[in-house]
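# Reading the structure
For reference, the chains in residue letters:
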Amino acid sequence: SAVISQKPSRDICQRGTSLTIQCQVDSQVTMMFWYRQQPGQSLTLIATANQGSEATYESGFVIDKFPISRPNLTFSTLTVSNMSPEDSSIYLCSVEGTVQETQYFGPGTRLLVL
Amino acid sequence: QKEVEQDPGPLSVPEGAIVSLNCTYSNSAFQYFMWYRQYSRKGPELLMYTYSSGNKEDGRFTAQVDKSSKYISLFIRDSQPSDSATYLCATSGDSSYKLIFGSGTRLLVRP
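Here's a quick rundown of the structure. (Residues numbered from 1 in each chain as written. Chains lettered and ligands numbered in written order. Predicted model: local features only at pLDDT ≥ 70, side-chain atom pairs only at ≥ 80, totals over all residues. Heavy atoms only, no water.)

## Focus: the pattern of salt bridges
Side chains that differ in sign of charge can pair as their charged atoms come close. Throughout the structure, instances matching the rule amount to five salt bridges over all chains. A salt bridge links B:Lys98 to A:Glu58, with the shortest nitrogen-to-oxygen separation between them at 3.2 Å. Taken together, the residues span two chains, with B:Lys98 in the loop between strand E9 (85–92) and strand E10 (100–101) and A:Glu58 in the loop between strand E6 (56–57) and strand E7 (68–72). (Salt bridge = Lys/Arg side-chain N within 4 Å of Asp/Glu carboxyl O. Helix = DSSP H or I, 4+ residues; strand = E, 2+ residues; numbered from the N terminus.)

See the structure below:
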């Protein structure tokens, strides 16, 4: 399986600021995904990021709030913009797995917005 | 109604017990079914994968899918304290790699 790292692993941010989360994979992958996992809740897909095309956002998520970059086949970033306490969550990146429809996940970035 | 329903638990069992974790789903088009294990402060880890109906066994773990009743199960035999984690069921149906997750069941195996 792919080895995925995320930076930062955690952060505490002030309201109104922005944070960029990095996701690095040890192999080339076509599809990368960004999820949000709020306390006690399931994983919610924010967007799908394929290299060479604009990210595709799920209902309820917009590019102005969560801009995504995918400059190459091993790297992606998610920015959480103009943060509010409601953005406090775990943000996870994942990549397509070797078996159809599976995904491998990174360790997550724990964000607390004050 | 959520597309995938899962009892959040927590479920507490003694070491050595057989554990049964379950999910129901609403969309009959779902074809791919997965179980992920998530330890505290870690990302989800793919545990089991099943396509369509049937059983799949891997060591102490058995995944079962009953498409007629839209029911997904994970059985853990001879449970160990190291199995203590949150277990998430997930499904997909349209070959887009878009997964729909249950809310997760927190399992505690007591020594």
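## Observations regarding the packing of aromatic side chains
Residue and element names in this part refer to chain B. For the structure on display, the rule yields 11 aromatic pairs over all chains. With 5.9 Å between their ring centres and 50° between their planes, Tyr25 and Phe30 make a pair best called tilted. By relative accessible area, Phe30 is classed as buried at 5%. (Phe/Tyr/Trp six-rings, centres within 6.5 Å; stacked < 30°, edge-to-face > 60°. Buried < 20%, exposed > 50% of the residue type's maximum accessible area, 1.4 Å probe, protein only.)

## Thoughts on the state of the cysteines
Note on terminology: a disulfide is the covalent bond linking the sulfur atoms of two cysteines. Residue and element names in this part refer to chain B. Following the criterion strictly, the structure yields two disulfides over all chains and no others. Across the disulfide, Cys23 is cross-linked to Cys89 (sulfur-sulfur distance 2.0 Å). Between Cys23 and Cys89, the S-S dihedral sits near -100°, and the bridge is therefore left-handed. Of this pair, Cys23 sits in strand E3 (residues 19–25) while Cys89 sits in strand E9; the two residues are 66 residues apart in sequence, bridging distant segments of the chain. (Disulfide = S-S within 2.5 Å.)

## Points about the environment of B:Tyr97
With respect to the helices and strands, B:Tyr97 occurs in the loop between E9 and E10. Residue classification places B:Tyr97 among the buried residues on the basis of a relative accessible area of 12%. A C-alpha to C-alpha distance of 9.7 Å links B:Tyr97 and B:Tyr32, two positions 65 residues apart in sequence. The contacts of B:Tyr97, once residues within four sequence positions are left out, are A:Met31, A:Phe33, A:Glu96, A:Gly97, A:Val99, A:Gln100, A:Glu101, A:Thr102, A:Gln103 and B:Ser92. (Contact = heavy atoms within 4.5 Å.)

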